[in-house]
Every structure is written in structure tokens, then in C-alpha cells.
Amino acid sequence: MIRIHQVTQIVTACLLNAYSSAEPCFPLTPLGVSEVPTSLDSLNISNASGTPTILASAEQAGGGSGAVGIFGWRYPNYELEILLDPLDGICCGNSYYVIRSGDIDNDGVEEVVALDGESDLFLIENGNDQFINGFISTFELGDINLDGDLDIVAVSSFDPELWWFDDDTWTRVNTEVKSAGFISPLYIVDYNDDSFPDIVYGNSVYTNSGNPFLDFSKRTLVSNGSIVPADLDNDGDTDFISNQTSITWLESQGGIFPSFITRIIDQNPASKIIVGDLNGDGNPDLSTGSRDWYIHSGTAEPTFSPLTVEFIENNNSSIMIADLNLDEFSDFVSIGTGGRAIVLQLNAAVVNQSSGERYTSLEEAIDASTNGDTLVASELSFDSLCESNLDFNGKALNVTSHSYIERNSDTNTTLAHGASLIATDGTINVSGSITLP
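Residues numbered from 1 in each chain as written. Predicted model: local features only at pLDDT ≥ 70, side-chain atom pairs only at ≥ 80, totals over all residues. Heavy atoms only, no water.

Draft legend 1. Region of the structure containing unusual backbone geometry. Phi is positive for D193, close to 55 degrees, though the residue is something other than glycine. Looking at the element boundaries, D193 is found in the loop between β14 (186-189) and β15 (198-201). Judged by relative accessible area, which is 39%, D193 ranks as partly exposed. The backbone of N393 sits at a positive phi, close to 55 degrees, despite the residue not being glycine. Its location among the elements puts N393 in the loop between β32 (390-391) and β33 (398-401). Given a relative accessible area of 38%, N393 falls into the partly exposed group. (Helix = DSSP H or I, 4+ residues; strand = E, 2+ residues; numbered from the N terminus. Buried < 20%, exposed > 50% of the residue type's maximum accessible area, 1.4 Å probe, protein only.)

Below, the structure is given as C-alpha cells:
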């Protein structure tokens, strides 16, 4: 029987403040909201290095009118890094609306590429900003010519065109870019399985021919709105989700010039679509970037059930999705408290790998399990048990934490015959008592 996994509550939040001396966020503990003289905007998450980095532009009071800098918080500790200090007077005074990080010049150090409010693109390294080009509306990083290093793929706002930047040279990709009517996300993905990266922007795909001159042909998939690439049915082909007049799944039939079957997920349109695995079942779920989610049924021809997820901060426009602690569950980042803090909301869960069921706590998972089951938990599940008792209830269970296991001095851990307790990073600190069977 196929089970539709329900989503757990999000149990904790962490505030990351620019110019704040707050503790690192992992292990996470709920923190109070503090007033800081910073206005954060343009929240971004970059995964170019293979691990998540939260990036934000911020206007800093005390640095003069319009003193804007760029701040980063990198996995695993998410400690504050000042990537471009507004107090140095380097910045031009405009917020940065698209920010990415990656090793652009293959020197082993990640640079930051940022697009400001005047459509100027900058490369930021070692606290210095270098002007790259103007009249840019959006961009993305990726190895578009397969030469082993990251390129910048950008859309010109002056005369809508696609360009890519590599080895200090700009090359025009296609002169027929159709504006989506707003700044649409840009994606780099191989949509036709020919091993060459294609470009998705607005309502169209720009297909990479693979020749040395990087000829791209344009294919428009919907009349308006924008499309988001994702393999919704897990068949290896790149599907698309459109948000023009409804939330529509364009199911790819595969091949070099794939045809698409249109399936309606919701008759209502959405301002944007974000893809993430909310419930940890290995299938892509959909979000409108707010409380509204659509949960994958887990079947070969999936349907999507609507679900409302409550967030700690009510700032729907800035919610973004990423696996922030690499436990295979989608987490959430948003700008909250009047633009003065970044809020992390981790999706704490315990999965019984033997049955496929998902639980909100380790105690609940143990109660529902049987001998021989394997339980896999996010570190937050052990955070909540740091100062409470843990009892295997006489069951031979294999319990694994994605990170550490911490048991304080006031706790009792009651094991069972054949049971195991494993931390993936090797850290198990039991200060309290242990009851053996």
C-alpha cells in the first residue's frame, strides 16, 4: 500500500543577524528576536559548492545613507561572514537582488557574484567588488560550456539577450529572449538528455547544440508566465511546472526534442513555484513560496495533494527552501521581524526506514516501531531529548542520528537487547545514566 506521508510541524527557529554576536545556530536552540540596526533583503540560497550558503544583502545603519553590504552564512555552523562590508564605502549604495557564490576562477576560493538595484553585476572577492557588466536583469552560475569551471549566464535588461561570461569574455547566446513580465528565475539544466547544459528562462528553453560556438535554439513551452524544471515522476526526464493561469505539470516524454503531456495540479495560478522534498519520502513536492504546498503521492503517475504548512515568521514573499542541515529534509529560510533577521526553520523528523512512516519525535517513532526496525532522525530530534529520558521500550531497534547524540547529566537512557544507537559523525556524549537490559 502506498502511504501519503504527512508533514510534521516545524519545531524550532534560529535568527541570524547581520553584525550580531549571537551564538552559531547549530546545534539549534530557539532564540528570541533582537533588535539590530540592519535591514535585510534579497534572500538567496546558493549550492554551487555542494553545500548550502545563505546570502543576503543588508543596509547597515551607521554606515551612511544607503550603506549596503553582502552577508553570508555557510553550512555547517552558519556563522556570520561579512562578504562585502558596507562600512568600507565600497558598495554603490544599492541593494543586491540576486546573489550567488561559487569558485568562478578555479582558485579554490568561493567568490560572490551579485546583481544590484541598478542592474550592475559585480564579482566580489576578498571584500572587494569588481564591476563585470551593466544592464543585467538576472543571472545564474553553471558550467555552460563544459570546460570544468563555473560560468555566469545572464539576461540583459537593455536589449533582452542571453549572455554567458567565461575567462573574462562575454558571449551572446541568443537574441530572442522573451521577458516574463517580471524578473524570472534562470535555470541551467539538461532538459533533453543529450549531456549538454540548456538554459531555462521565463517561458522558454534555450537548447545547447553542443558545438564549440555554443549555438542555442529557443523553444517556447507556454504562452505566458514562467516554467520551473523538475523531474516530478522520477523517470529521469526533465519535466516543467508552469504557473501562468494555473499550476500545470508539463510531463516530458523524453528524447532530444521531447513532447509534453499537460496535467493540471491546481486551477489557480501562483506567483512562483519552488520544488523541494518536504516530507522526506524522496519525491519532489511543490511550494508557492508561502504556506501552500502540494505533496507528491509517491506513485509512478503522481498526484499532488494541497497542504498548508505553518511558519514561525509570516513573511510569505521571502520564504526559500533548501536542505540546510543535510538530513535529506527540506528546511526553510525567510526574512522576518521587520527585515532585521533571517529565520531558519528546520524540518525535524524521524523516519522509520522499515515501514516508510515519518514521525514528529523519536519517542513517537519508538512507540510505533517493532523489533528490527531502523529509525533515522535529524539532529533536532535528539536536541529535543537532550534533557529528557530515552527508552527503547525493550525493542531491538537501530536508531541513527544524522549528526551527533547528546544526553545531559539529568537524563536516563534505557537500552534493549539487540538495539543500537549510532551518530553519523561519531559523536555520542552521554553524561546521564544508562540502563542496560
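Picking up after the structure, the text goes on.
Draft legend 2. Spotlight on the pattern of salt bridges. The full count for this structure, using the stated rule, is three salt bridges. Of the charged contacts in the structure, one is a salt bridge between E251 and R263, with a shortest N-O distance of 2.5 Å. Of this pair, E251 sits in strand β20 (residues 247-252) while R263 sits in strand β21 (residues 260-266), and the two are twelve residues apart along the sequence. Under the relative-accessibility criterion, R263 is labelled partly exposed at 31%. (Salt bridge = Lys/Arg side-chain N within 4 Å of Asp/Glu carboxyl O.)

Draft legend 3. The sheet that holds β21, seen in detail. Across the sheet, four strands lie side by side as β18-β19-β20-β21; this open sheet has antiparallel pairing. A single partner strand is all that each edge strand has here, and the edge strands are β18 (227-230) and β21. Taking each pair of neighbouring strands and ignoring which way they run, the sheet shows an average axis angle of 25 degrees. One ladder, built from six bridges, connects β20 with β21; its direction is antiparallel. Within β21, the position partnered with T248 by the bridge is I264. (Pairing = 2+ DSSP bridges. Axes fitted to C-alpha atoms, helices over the stretch in contact; angles between N-to-C directions.)

Draft legend 4. View of the environment of D239. Mapped onto the elements of the fold, D239 is located in strand β19 (residues 239-242). D239 sits ten residues away from P229 along the chain, and the two C-alpha atoms are 5.7 Å apart. Not counting residues up to four positions away in its chain, the partners in contact with D239 are V228, P229, A230, D231, L232, D233, W249, L250, E251 and S252. Of note is the side chain of D239, whose polar atom sits 3.0 Å from the backbone nitrogen of L232. (Contact = heavy atoms within 4.5 Å. Polar contact = N/O pair within 3.5 Å; in protein donor to acceptor, adjacent residues only side chain to side chain.)

Draft legend 5. Structural detail: the side chain of S252. When you line up the elements, S252 lands in strand β20. Here the side chain of S252 touches G254 through a polar contact of 3.1 Å, landing on its backbone nitrogen. The residues touching S252, leaving out its near neighbours within four places in the chain, are D235, D237, T238, D239, P258, S259 and F260.

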